[in-house]
Amino acid sequence: LHRKDISEENISNNRFKIWGDYLSLYKEIGLIGLSPCNYSDVIAENNPDIYIVKHIKDFYPNLYEAGNIYHPHSLYLEVYVASGAIGTVCFLIFWILGLKDVMMYLKYCKGKMPSVIVMGVLIIIYGLFTSIFDQGLFFLTNIVSCVFWIVLGYVMETITKNEISEN
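Calculation criteria
- Residues numbered from 1 in each chain as written.
- Predicted model: local features only at pLDDT ≥ 70, side-chain atom pairs only at ≥ 80, totals over all residues.
- Heavy atoms only, no water.
- Buried < 20%, exposed > 50% of the residue type's maximum accessible area, 1.4 Å probe, protein only.
- Helix = DSSP H or I, 4+ residues; strand = E, 2+ residues; numbered from the N terminus.
- Arc of directions from axis to C-beta.
- Contact = heavy atoms within 4.5 Å.
- Axes fitted to C-alpha atoms, helices over the stretch in contact; angles between N-to-C directions.
- Parallel < 35°, antiparallel > 145°, perpendicular 65-115°, else oblique.
- Left-handed = near helix turned anticlockwise from the far one by under 90°.
- Nonpolar A, V, L, I, M, F, W, Y, C, P; charged D, E, K, R; others polar.
- Core = buried A, V, L, I, M, F, W, Y, C linked by side-chain atoms within 4.5 Å.
- Phe/Tyr/Trp six-rings, centres within 6.5 Å; stacked < 30°, edge-to-face > 60°.
- Salt bridge = Lys/Arg side-chain N within 4 Å of Asp/Glu carboxyl O.

Draft legend 1. Quick peek at helix α1 (residues 15–24). Within α1, the full set of buried residues consists of R15, I18, W19, D21 and Y22. Viewed end-on, α1 has its buried residues packed into an arc of 160 degrees, placing them on one side of the element. Its buried side turned inward, α1 meets α2 (26–29), α3 (39–46), α4 (51–59) and α6 (75–108).

In structure tokens, the structure reads:
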């Protein structure tokens, strides 16, 4: 597969340019963000000459006409763009509290987690790691996001139920 819009020496598939453009919009994004469904329109209207807009307009005019620009190519960046600094802080608090629950569970089970919980935690870690480079877990409904959220719910329900019963 050879893409005309990406050179051979471009190791990031233009992600560095994309991420840079989104991060440069920090003043527009602000505290509350640009919304999950509306950020493309706002950015295209206010910043028509940045890479994430211009590239789609030049190479994929049908997508541009449909209101699309390059998406952030990172769940974490998309959370920031869509929900701003406040949403990003809430997102981080959610994961910190979840990590705290997992650590407490490890303490109570003395490192001997049931294999179903180990597998669940590994699926969650995999999803969070791959989200560095893609956006599929939060703002899209697909099989990967469904499996992720079901597994996360099961793991958190199981470990918090066990923590409560052992106290």
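Draft legend 2. Layout of the packing of α6 against helix α7 (residues 115–130). At a minimum axis distance of 14 Å, the contact between α6 and α7 shows a crossing angle of 160 degrees. For the element pair α6 / α7, the angle class is roughly antiparallel. Crossing hand, α6 versus α7: left-handed. Listed contacts from α7 to Y76, W95 and Y105 of α6 are I117, I124, L128 and F129. A class-by-class count of the residues in the contact of α6 with α7 yields seven nonpolar, no polar and no charged.

Draft legend 3. Quick look at the nonpolar core. Counting residues in hydrophobic clusters, the biggest one holds 20 residues, and the most contacted among them are I18, Y22, I43, I52, V53, I69 and V81. Contributing elements (two or more residues each) for this core: α1, α3, α4 and α6. When near neighbours in sequence (up to four residues on either side) are disregarded, Y22 contacts I29, Y39, I43, I52, I69, Y70, H71, P72, L77 and V81. Residues L75, C109, I117 and L152 belong to the second largest nonpolar core, which totals 18 residues.

Draft legend 4. Summary view of the packing of aromatic side chains. In total, this model carries ten aromatic pairs according to the counting rule given. With a centroid separation of 4.9 Å and an interplanar angle of 80 degrees, the aromatic rings of F94 and W95 are classed as edge-to-face. Connected via pairs of aromatic rings, a cluster forms that spans Y76, F91, F94, W95, F148 and W149.

Draft legend 5. Focus on the pattern of salt bridges. In total, this model carries two salt bridges according to the counting rule given. Here K54 and D58 are joined by a salt bridge, their closest N and O atoms 3.5 Å apart. Here K54 pairs with D58, and both are found in helix α4, just four residues apart, close to one helical turn. Judged by its relative accessible area of 39%, K54 is partly exposed.

Draft legend 6. Structural context of the environment of L140. Checked against the element boundaries, L140 lands in the loop between α7 and α8 (143–166). Residue class for L140 comes out partly exposed when judged on its relative accessible area of 38%. If near-sequence neighbours (up to four positions away) are discounted, L140 is found in contact with Q135 and S145.

Draft legend 7. Spatial organisation of α4. Along α4, the residues that are buried comprise Y51, I52, V53, H55 and I56. Elements in contact with the buried residues of α4: α1, α3 and α5 (61–65).

Everything listed is a geometric property; what it means functionally is a separate question.
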